Amino acid sequence: MAPKGGTFFLLLIVTCAALALRPDRMLKKKLDVKYMAKKMMKVCQNKGYTKPPMALLKTVFDKSEPSTDRNMDESTSLLAPFLELLGSVVPGEDSLSRVPSDDKDDMKNEMMNTTDLPNVIKRMRNSSESSACYMEAFVGPLSWTTLAKSDAKNMDSDKYDALLSTAKPVVLGMPSTRVNFPDKLEGRDMKKWMKMLTELYSVMSEEKKTKVLKWAKEQITQNYFNCTTMPKAASKSMKMEQCKRSLKWLNSDALEALGPFLAGLKTGDVDASPKEKLCEFYSSVKFKAAFSFVMEMKPSLAKKFLQRFQECFPEEKEFAEQLEKLGKLACYYQPPQKLTSDLSKKLLPQLEQCDDGDNYRIKKLKMVLVSNLNISQALQEPGISINLFSAKQLSTMSSAAIKEALKKMRSDVRLKAKQQQALVKKFLGNKKCKNVTNEELMDLFPVAGGLPRCLLKQYKARKILNNTEGLEKISKGLRKGQLKSLLQGLSMDVDPSELVEKLPEPLLRRVSLNFLEKANIKTLEKLKDKKWSVAQASLLVKKMYNKKMLEFRKLRSLLKGITCKMIQNISDSDIQDMTQNTAETAQRLSKVQAGCAARRLFASLEKIRADYFKTITEEEMKGIPTDLLLHLPSRKVKDLPDSVCPVLLEMMEEANLSSLSLRAPSRPALTKKALFCLANGTDLSVLTIENVKMLGPFLCELAPSQLRLMGPDVLNSILEAMAFCQHIPQGHRADLLQLVIKNYGDVANWSSETMEALGFFLAFDDNAISALPNEPWMKSALQYLEKRLPHTPTTMKKKIFDLTVESNASRRKRAVSKVPTAEQIEKLGSGNVFWEPAQLEQISTQTFADTLETLRSVSDYSGNQLAALSKKAVEFFGPVSGMTETVLMQLGCITQGFSKEDLQTLPFSLDTLEEVANCGWKESKMEPVWRAVAKYNNLTAEQLGDAELVSLNQFICGMSSSEIMQINKDAFKEAVDSMNDIQCSFKGIQKLRSLSVSAFGPPSEWTEAHVSTLGNLVAGLKSTDLASLDPPVLSFLSTSSIELIPPENFAALSTSQLMALGPDNAVVVTSEQRSALRDDQKSALDSAITGTEADSRTETPKPAGSGAPALTVEGILSFMKPLLFLLMGVLLL
């Protein structure tokens, strides 16, 4: 008897109910080929590539033989969807335009017809880079989907390789959660995929590396052990047993396949490798190849690999033979005290990839190894660079050998100040301003920072400007005063407009507004891709705007110079151009500019439909740049329909939050909406880690109350992912740390691996850091964290100091060594700031001399510490009266420890002054330094040119008011853009007020460019001056200038001015400045902090509460739908 229809209907209803409850119901699991192709085509467009010619496209996409005469309609169906996609990305009325297909399914079917794909790839290989870019953007996603099919394993090897090569860029283009690798790969194909992924390793995000590792491990366990690492439910559907925890899965094939992805393993995974297989891998060339890609590895994992390596080669001779394979592991190797010359040559090149900036052990090891080598012979060895030798060793080299060594030196290698001085002196001899040829100057780029200004002024543009690459290399190593000196010489014999076109970035950014005005620039076409300062971009954009010649699609890098007024005045017909340019260069926008652009776009869209965001479609959503969508008011975020959830999640995952205020109401609103989408309006406990990772950077916005509603395994994975966050809301931090401790136990009991993974959260609690146990591994774990943290707490630096100065013996006694040793000082680096002055006084003269290069570089010593160190300087170098310019260069920041009387007698050249300018000088000592500079260089205030003013920098605050007024106004206008970051008190900066007004006119007439170029000097204005500033220029103030404004002057700002400050400036307002404001001013300031307009203050985010999708009508309906269906089925039985 056939079952009743009602029974079948009930089964159907139950199935629908189950599907309705699935959190991933609305999420796209497969690659959206069309969307990805468009996205990759936009990359080509952003590079300025032109569209491929039709003749080429017919040749590439036509399946017929060249001799066969076929028209376009008879060509392969791939050409039609290609043209349609290209037309949607690069619109234009030309031969490539095509009437869009009305049937999306037709287009999808056309794109899925990939039988001729390998031949298309073959035919497009000989195209130009520009044309190939668009075709590869189209073919790449198609290749990916083709390779993901189960029948791809039967494909010819050459065809498979062709498809895989074009699929390669897709890995970087897809969000990490949507990178779906083939479910099952055989041995041959697995090796091909891992080879391709290894080539992308250095440019992959950490999330993608983790995903590759997880996928590769699953392939290995399935292929070699017939088990799966998937959860139990998934393993049942696969009809495969789950792998046992004790499985030794890391065999030689696995080790070879994983390559550099080995750097993402847990220490337990390394223990899961059989010794004989691991030793076999270590002995092969594959080990060296794998680790050659690894740039960073957690200390605990590196030490585990090294330990197993040493177990494989316990004999010293045997180990020495394998030494050159260590790669990144060499950074953790402790060699025997006596090393032969041969071993030194093997080990030194590998240490080049170690970060020895704050790693004394590596620095010392390099010094020991170098001491075993003859300098001339050593420099002939691969991987051994001139930076490994001391200044004393370098001074023994011949000039010819120095030139040869500098030519071989890599551009990313940096020499210390003392090394630069030694090499410059060796090269120039006693002739400081010696004539040097253009070719010789280019070869001196590694020692550029040590070159005298008088030498740089000699170079003329006609001789050097055409050597773009060489000029850029040398200018990267120059300080501001040196750049200005070089620019001074270059501008002598060439037209300003030509100079601006050809200057490399470091020099271009030192070009003054005054010089740009003289350049008489009539078009931005050749300048749009240069890296301009905000002040320069503001000037150029305003110039074009006033001439009504401003075209948004041509701005690109100049976009940072637009104002909200310009954006507000854009016609609706030009909105598309602005939107397109914003999408291409959004990261160049400030938070204020992005907010203004977003509001203008939203207003134009709501003219199309008043309820635009309530009824927005997926395609319409894709047309809004992600960086602008982030500014959608929270009430409109809430109104977004469920149908756009997949697109919204994709946009959020790839979002860059740099243009969004840290306190913007849209942050929690978007997070809440995304959680609603992910959980389909149900309980957050149903979410998987893959679901939650779709939040992208919004993962960092999750409140502890929301996290507690998720499953335990998901919660732990999220907490580990949050350790990569650049910012976590202030109100979440304390509860987050408590949640971490609840899940992972007391911090005192953490392993080194847990500390490396989760120590990020300790930055929220000084007490937790101070209470950390003094385990042997703790210091390396904290140093690893220090490099990753956006801001390292002082307590963490102090903890590293305590761990460093305790010897093994004193660690048990918890007693700190009283007298700093040379080893401790070198290990500490900037941490030497934590020594007590009495301890610094006890340093021996020899220790002081041996560690001077390190001690001189610390910029934040206290006055008492400086006094102690300056005494040591006198003990070693003799009386202050006998100190030379060279000695001052060696002393660096210690120089500020001398008394005012002594400072006036010191031989400060302007070159020396730049060396010590950023040492945190007290203003009381700036006046005697200026006196010393004037005396030693035979200068008066009125003789200072622009280059001299730039070198003088903040020491200008040491001049009297009358001296400042003697400064040449034109020289000041040329120099101010390079000295606008001076750190003086209000009293010191106030003295420059009259000079600023004399140079740029009354503050009421200052433009955005003026305010930006003056920087901190704006803080010296009177209260009436500040009140007269045009509100739009306030967002162009430098952030560092805000705290320098006295509270009583700051209170003179109007509500419109305060609102115009922008989030970055408003958030640094001090408590004293805020206290001086009226209630309406405070309200305006709050609007500036959140980045919302005055009428949007109601959008101030509320506490996250439970964090579950709220029981709104939307949420209730999503929850009730399956229950209603179920009830209907029961009633129909």
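In the block above lies the structure referred to throughout.
What counts, and where the lines are drawn
- Residues numbered from 1 in each chain as written.
- Predicted model: local features only at pLDDT ≥ 70, side-chain atom pairs only at ≥ 80, totals over all residues.
- Heavy atoms only, no water.
- Axes fitted to C-alpha atoms, helices over the stretch in contact; angles between N-to-C directions.
- Helix = DSSP H or I, 4+ residues; strand = E, 2+ residues; numbered from the N terminus.
- Parallel < 35°, antiparallel > 145°, perpendicular 65-115°, else oblique.
- Left-handed = near helix turned anticlockwise from the far one by under 90°.
- Contact = heavy atoms within 4.5 Å.
- Nonpolar A, V, L, I, M, F, W, Y, C, P; charged D, E, K, R; others polar.
- Disulfide = S-S within 2.5 Å.
- Buried < 20%, exposed > 50% of the residue type's maximum accessible area, 1.4 Å probe, protein only.
- Phe/Tyr/Trp six-rings, centres within 6.5 Å; stacked < 30°, edge-to-face > 60°.
- Polar contact = N/O pair within 3.5 Å; in protein donor to acceptor, adjacent residues only side chain to side chain.

1. Re the packing of helix H6 (residues 117–124) against helix H8 (residues 157–173)
Packing of H6 against H8 brings their axes to within 9 Å, and their N-to-C directions diverge by 65°. It follows from the interaxial angle that H6 and H8 lie roughly perpendicular. Two packed elements cross with a definite hand, and for H6 against H8 that hand is left-handed. Residues Leu117, Pro118, Ile121 and Met124 of H6 form the contact with H8, whose own contacting residues are Lys159, Ala162, Leu163 and Thr166. The class makeup of the residues in the contact of H6 with H8 is six nonpolar, one polar and one charged.

2. Some words on the packing of helix H14 (residues 275–283) against helix H16 (residues 299–312)
In contact at an axis separation of 10 Å, H14 and H16 are set at 90° when each is read in the N-to-C sense. Taken together, the axes of H14 and H16 lie roughly perpendicular to each other. Contact residues: Lys275, Leu278, Cys279 and Tyr282 in H14; Phe305, Arg308, Phe309, Glu311 and Cys312 in H16. Residues of the contact of H14 with H16, tallied by class, amount to six nonpolar, no polar and three charged.

3. With respect to the state of the cysteines
Scanning the entire structure with this criterion turns up nine disulfides. Here cysteine 700 connects covalently by a disulfide to cysteine 725, the sulfurs 2.0 Å from one another. Disulfide cysteine 700-cysteine 725: the torsion about the S-S bond is -95°, which places it as left-handed. Highlighted residues: cysteine 700 in the loop between helix H41 (689–693) and helix H42 (704–707) and cysteine 725 in the loop between helix H43 (712–722) and helix H44 (733–744), separated in sequence by 25 residues. For the pair formed by cysteine 700 and cysteine 725, the shared burial category is buried.

4. Overview of unusual backbone geometry
Negative phi values dominate among residues other than glycine, just as trans dominates among peptide bonds. The phi torsion at asparagine 938 lies on the positive side, around 55°, for a residue other than glycine. With respect to the helices, strands and loops of the structure, asparagine 938 is situated in the loop between helix H57 (926–937) and helix H58 (946–952). Backbone geometry places asparagine 953, a non-glycine residue, at a positive phi of 45°. Here asparagine 953 is to be found in the loop between H58 and helix H59 (961–964). With relative accessibility at 8%, the residue asparagine 953 sits in the buried group.

5. Here we look at the packing of aromatic side chains
One pass over the full model with this rule turns up 26 aromatic pairs. For the ring pair tryptophan 144 and phenylalanine 181, a centre distance of 5.9 Å and an interplane angle of 45° mean the geometry is tilted. Pair noted here: tryptophan 144 is in helix H7 (residues 129–148) and phenylalanine 181 is in the loop between H8 and helix H9 (187–199), with a separation of 37 residues, a long-range link. Looking at tryptophan 144, the relative accessible area reads 3%, which means it is buried. Measuring from ring centre to ring centre gives 6.1 Å for phenylalanine 761 and phenylalanine 764, while their planes differ by 75°; the resulting arrangement is edge-to-face.

6. Details of the environment of proline 169
Positionally, proline 169 belongs in helix H8. For the pair proline 169 and alanine 137, spaced 32 residues apart in the sequence, the C-alpha separation amounts to 8.2 Å.

7. Some thoughts on the side chain of arginine 308
Tracing the chain through its elements places arginine 308 in helix H16. At 2.8 Å, the side chain of arginine 308 and the backbone oxygen of valine 270 are in polar contact. Ignoring anything within four residues of it in the chain, the contact list for arginine 308 reads Val270, Asp271, Ser273, Pro274, Lys275, Leu278 and Tyr282.

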